[in-house]
Amino acid sequence: MQKRLTAEEYIKGILAGNRIILSRAITLIESQLENDRLIAQKVLEGVLPQTGKAIRIGITGVPGVGKSTFIEAFGKHITSLNKKIAVLAIDPTSQRTKGSIMGDKTRMEELAHDSLAYIRPSPSGNTLGGVANKTRETMLLCEAAGFELIIVETVGVGQSETVVKGMVDFFLLLMLSGAGDELQGIKRGIMEMADAIAITKADGDNNQKAKNARMEYVHALHLFPPTANNWYPPVLTCSALEKTGLSEIWQVILDFENQMQENGFWKKNRQEQSLNWMNDYIKQYLETQFFSDKYVKENLEIISNQVLSEAILPIQGANILLEKHFTGLRSSKI
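Residues numbered from 1 in each chain as written. Predicted model: local features only at pLDDT ≥ 70, side-chain atom pairs only at ≥ 80, totals over all residues. Heavy atoms only, no water.

Enquirer: Account for the side chain of S177, naming residues and giving values.
Expert: Structurally, the position occupied by S177 is in the loop between strand 5 (170-175) and helix 9 (184-191). One polar contact links S177 to N206, side chain to side chain, over a distance of 3.3 Å. Apart from the residues lying within four places of it in its own chain, the contact partners of S177 are I199, N206, K209, A210 and A213. (Helix = DSSP H or I, 4+ residues; strand = E, 2+ residues; numbered from the N terminus. Polar contact = N/O pair within 3.5 Å; in protein donor to acceptor, adjacent residues only side chain to side chain. Contact = heavy atoms within 4.5 Å.)

Given below as structure tokens:
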């Protein structure tokens, strides 16, 4: 059995760039145990002064676009520049074991063996859209450990894009050429969030199709209203197989950072994200406290059945449980 580390030992190991301790710290913050939560809080507070210096990138894409293949090729490009990269890949969660299903280290084997890269597959749990509950905290730990670029890969299920957009600096959308009209509905909403679009698999016979798709997306983006930060999302083509277009995407990210730093939106965006994080935590904490309440657990099924049988209105059932929870009248019976 591993020796239990103190908060100070975690902090010292993370700041020294110790990968093993970093992994253990991430496991600690993902824990549901109250004692682990208290230690994790101390660790996060201890490393906070050394966070915030990395570029945070969210990457999403339609099914079949090859997110992992792209991230591996792009990650290798970043490490070739002697920069440290951490990939936080949100895996679908097994409902039986609650663990990650896909295992990104097997999907990004070459990058996983790179000394400048760190890959952390995280089970998505029951959180909105498959986004891991502790992704924000994990980003801070990776930044404190010295990683200069943090990539958050979504599972691409729709709602997760909105959540990831709210925790990163730059949002990259990967698209396919000739993906078909059936995806147009999801494209519109995600395209409006994108800071750049990359058409993948621009190689071989597909190269010309990718170029044609690029022009279509360029024209489509002109129909969107201008963004508040005055950034116009570029559309690029790339090939993870031929390692083309990767340096251009990296340059776009650097250009974006420079422009946002100059106009003040970089700092403003992070400040808004911090407030949203606080509000999200409050909501999550209150929900956890509510459903952990002894009275609620004893009577939730009863109230639910009354709602199902239409004996009471849904809002009435909610108010009964809420009133008992907040007033502390645990002795009342239904």
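Enquirer: Explain the packing of aromatic side chains to me, and be specific about the residues and the numbers.
Expert: Under the definition given, this model contains eight aromatic pairs. Geometrically, the ring pair formed by F170 and F256 is edge-to-face, given 5.1 Å between the ring centres and 80° between the ring planes. Taken together, the residues span a long stretch of sequence, with F170 in strand 5 and F256 in helix 11 (residues 246-263) at a distance of 86 residues. The same class applies to F170 and to F256, which are both buried. Pairwise contacts between aromatic rings join F170, W231, F256 and W266 into one cluster. Sitting over the ring of F147, K84 keeps its end group 4.8 Å from the ring centre. (Phe/Tyr/Trp six-rings, centres within 6.5 Å; stacked < 30°, edge-to-face > 60°. Buried < 20%, exposed > 50% of the residue type's maximum accessible area, 1.4 Å probe, protein only. Lys NZ or Arg CZ within 6 Å of the ring centre and 35° of its normal.)

Enquirer: Give me the environment of E161: which residues, what numbers.
Expert: Along the chain, the position of E161 falls in helix 8 (residues 159-165). When the C-alpha atoms of E161 and L173 are compared, they prove to be 9.6 Å apart, with 12 residues separating the residues in sequence. A polar contact is formed between the side chain of E161 and the side chain of T60, at a distance of 2.6 Å.

Enquirer: Residue-level account of the pattern of salt bridges, with values.
Expert: Enumeration over the complete set of coordinates arrives at 12 salt bridges. Salt-bridge contacts for E148 lead to K83; the nearest nitrogen and oxygen are separated by 4.0 Å. Placement of the pair is E148 in the loop between helix 7 (135-144) and strand 4 (149-153) and K83 in the loop between helix 4 (67-80) and strand 2 (85-91), with a sequence separation of 65 residues. Judged by relative accessible area, K83 falls into the partly exposed class, the value being 29%. Across the pair K165 and D195 runs a salt bridge, and its minimum N-O distance is 3.4 Å. Here the residue K165 occupies a position in helix 8, and D195 occupies one in the loop between helix 9 and strand 6 (196-199), the gap between them amounting to 30 residues. Exposure remark for D195: the relative accessible area of 6% places this residue in the buried category. (Salt bridge = Lys/Arg side-chain N within 4 Å of Asp/Glu carboxyl O.)

Enquirer: Which residues make up the packing of helix 1 (residues 7-15) against helix 2 (residues 19-30), and what are the values?
Expert: Put simply, helix 1 and helix 2 touch, their axes get as near as 8 Å, and they point 130° apart. Taken as axis vectors, helix 1 and helix 2 run oblique relative to one another. Regarding helix 1 and helix 2, the two cross each other, and that crossing is left-handed. Each of E9, Y10, G13 and I14 in helix 1 lies in contact with helix 2, whose residues at this interface are I21, L22, R24, A25 and L28. Class assignment of the residues belonging to the contact of helix 1 with helix 2 gives a composition of six nonpolar, one polar and two charged. (Axes fitted to C-alpha atoms, helices over the stretch in contact; angles between N-to-C directions. Parallel < 35°, antiparallel > 145°, perpendicular 65-115°, else oblique. Left-handed = near helix turned anticlockwise from the far one by under 90°. Nonpolar A, V, L, I, M, F, W, Y, C, P; charged D, E, K, R; others polar.)

Enquirer: Help me get a handle on helix 1, residues and values and all.
Expert: Within helix 1, the full set of buried residues consists of A7, Y10, I11, G13 and I14. Following helix 1 by one or two positions, G17 has its phi on the positive side, about 80°.

Enquirer: Could you give an account of unusual backbone geometry, with specific residues and numbers?
Expert: Despite not being glycine, N82 shows a phi value in the positive range, around 65°. Inspection of the secondary structure puts N82 in the loop between helix 4 and strand 2. Even without being glycine, K201 reaches a positive phi, approximately 60°. Structurally, K201 can be placed in the loop between strand 6 and helix 10 (207-221).

Enquirer: Outline the nonpolar core, supporting the account with residue identities and numerical values.
Expert: Counting 86 residues, the largest nonpolar core has F70, F74 and L141 as its most contacted members. With seven residues, the single largest contributor to this core is helix 11. Aside from chain neighbours lying at most four places away, what touches L141 is I14, L22, A25, I26, I29, V43, L44 and V47. The next biggest cluster of nonpolar side chains, apart from the first, holds six residues, and it includes Y295, I303, I312 and L321. (Core = buried A, V, L, I, M, F, W, Y, C linked by side-chain atoms within 4.5 Å.)

Nothing here speaks to function; it is geometry throughout.
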